[in-house]
Amino acid sequence: MIEVTDLRKLYDDYVAVDGVSFSLPAGSVCGLVGANGAGKTTTMRCLAGLIPATQGRMTVAGYPVETDSIELKRRLAYVPDDPPLFDDLSVREHLDFIGRIYGVENHREKSECLLDQFELTPKANAGATTLSRGMRQKLAIACAYLYDPVVLLLDEPMTGLDPPGIRILLDSISKRAAAGTTVVLSSHLLPMIEEVCTDLIMMR
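What this report covers is the structure whose coordinates are included nearby. Remember, it's a predicted structure, so these values are computed and weren't measured experimentally.

On to the overall build of the protein. Scanning the protein for helices and strands turns up seven helices and nine strands. Here the protein has a C-alpha radius of gyration of 17 Å; the compact-globule value for 204 residues is 17 Å, and the two agree. Viewed in the frame of its principal axes, the protein has a C-alpha envelope of about 45 × 35 × 35 Å. Taking all 204 residues of the protein together, 49% fall into the buried category. When contacts within the protein are restricted to residue pairs at least 6 apart in sequence, long-range pairs at least 24 apart make up 71% of them. As displayed, the protein has an accessible area near 10,000 Å², and 51% of this comes from carbon and sulfur atoms. For the protein, the distance from the average position of its 20 positive side-chain charges to the average position of its 27 negative side-chain charges is 1 Å.

What follows is the structure, encoded as structure tokens:
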């Protein structure tokens, strides 16, 4: 489902990622672990097609990242550690927007299920600017889940979550993987994610 060969990324003359290669099958949950600055976020952003790699080849769900950006975005969701939200939209309107642009059938029904799953229903009509960091994180993950991508890239997804929120997230990741979704989640805290991981990549 994911193939990365000799990924290298330079920012001017600074080497952020150097010679990374790995492959992941469908249904795997891969922990991308390393200290801050190890290149985890850069690797994810290259995989998501958000920044170009300096060198190397990447395919996601059989599509080359550098040439099939539209097909890639239909099959992949990337949630950064500080997800950008629309200030003018409520929680429910975010899900409605994502459901419409991705053409999700019964997206309103699925949205309500996700609001309930992530304990966002009491905030469904609240504006994004009123949300706590943890709630913003949960909303971004719910938006990513809504269109059922076959690959999920979650960058430090537990930032701002309380212990019940972390449990809900980890349980949801396990269920998605059991249904065939390939998940990559980055963290600098291996004990937080090791129970759900089938694979591990350590970066330094």
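Considering the arrangement of structural elements, one finds Thr-41 in helix α1 (residues 40-47). Through-space distance from the C-alpha of Thr-41 to that of Val-29 is 17 Å; in sequence the pair is 12 residues apart. Side chain to side chain, Thr-41 and Asp-155 meet in a polar contact 2.6 Å long.

What follows is about α1. Of all eight residues in α1, six are buried; the element is thus mostly enclosed. Within the span of α1, buried status applies to Lys-40, Thr-42, Thr-43, Met-44, Cys-46 and Leu-47. A positive backbone phi angle near 80 degrees is found at Gly-49, which sits one or two residues after α1.

Attention now goes to the pattern of salt bridges. A complete count under the given rule lists 11 salt bridges for this structure. Notably, a salt bridge pairs Arg-92 with Glu-112, separated by 2.8 Å at the nearest N-O pair. In this pair, Arg-92 sits in helix α3 (residues 91-101) while Glu-112 sits in helix α4 (residues 107-117), placing the two residues 20 residues apart along the sequence. Residue Arg-92 is classed as partly exposed on the basis of its relative accessible area, which comes to 28%. One salt bridge in this structure joins Asp-148 and Arg-176, with 2.9 Å as the shortest N-O distance. Taken together, the positions of Asp-148 in the loop between α5 (133-146) and β7 (151-155) and Arg-176 in helix α6 (residues 163-178) put the pair 28 residues apart, joining distant regions of the chain. Within this structure, Glu-71, Arg-74 and Arg-75 form a network of salt bridges that share partners.

Here the focus is a nonpolar patch on the surface. A cluster of nonpolar residues, Phe-86, Phe-97, Ile-101 and Tyr-102, forms a patch on the protein surface that exposes about 380 Å² of accessible area. Tracing the sequence through the fold places Ile-101 in helix α3.

Next up on the list: the sheet that holds strand β6 (residues 76-79). The parallel open sheet is built from five strands, whose spatial order is β6-β7-β8-β3-β9. Each end of this open sheet is capped by a strand with a single partner; those strands are β6 and β9 (199-203). Each adjacent strand pair in this sheet contributes to an overall mean axis angle of 15 degrees, direction not counted. Inspection of the sheet shows β6 paired to β7 by four bridges, in the parallel sense. The residue of β7 that forms the bridge with Leu-76 is Val-151. Where α5 meets the sheet, its contacts fall on β6 and β7, and the angle it forms with β6 comes to roughly 175 degrees.

How each quantity is defined
Residues numbered from 1 in each chain as written. Predicted model: local features only at pLDDT ≥ 70, side-chain atom pairs only at ≥ 80, totals over all residues. Heavy atoms only, no water. Helix = DSSP H or I, 4+ residues; strand = E, 2+ residues; numbered from the N terminus. Rg over C-alpha atoms; globule rule 2.2 N^0.38 Å. Buried < 20%, exposed > 50% of the residue type's maximum accessible area, 1.4 Å probe, protein only. Contact = heavy atoms within 4.5 Å. Areas by Shrake-Rupley, 256 points an atom, 1.4 Å probe, with all protein chains shown as cover. Lys, Arg positive; Asp, Glu negative; His and termini not counted. Charge placed at Lys NZ, Arg CZ, Asp CG, Glu CD. Polar contact = N/O pair within 3.5 Å; in protein donor to acceptor, adjacent residues only side chain to side chain. Salt bridge = Lys/Arg side-chain N within 4 Å of Asp/Glu carboxyl O. Patch = residues over 30% accessible without salt bridge, like charges linked within 9 Å, V, L, I, M, F, W, Y side chains within 5 Å. Pairing = 2+ DSSP bridges. Axes fitted to C-alpha atoms, helices over the stretch in contact; angles between N-to-C directions.

Spatial relationships are all this shows, so hold off on functional conclusions.
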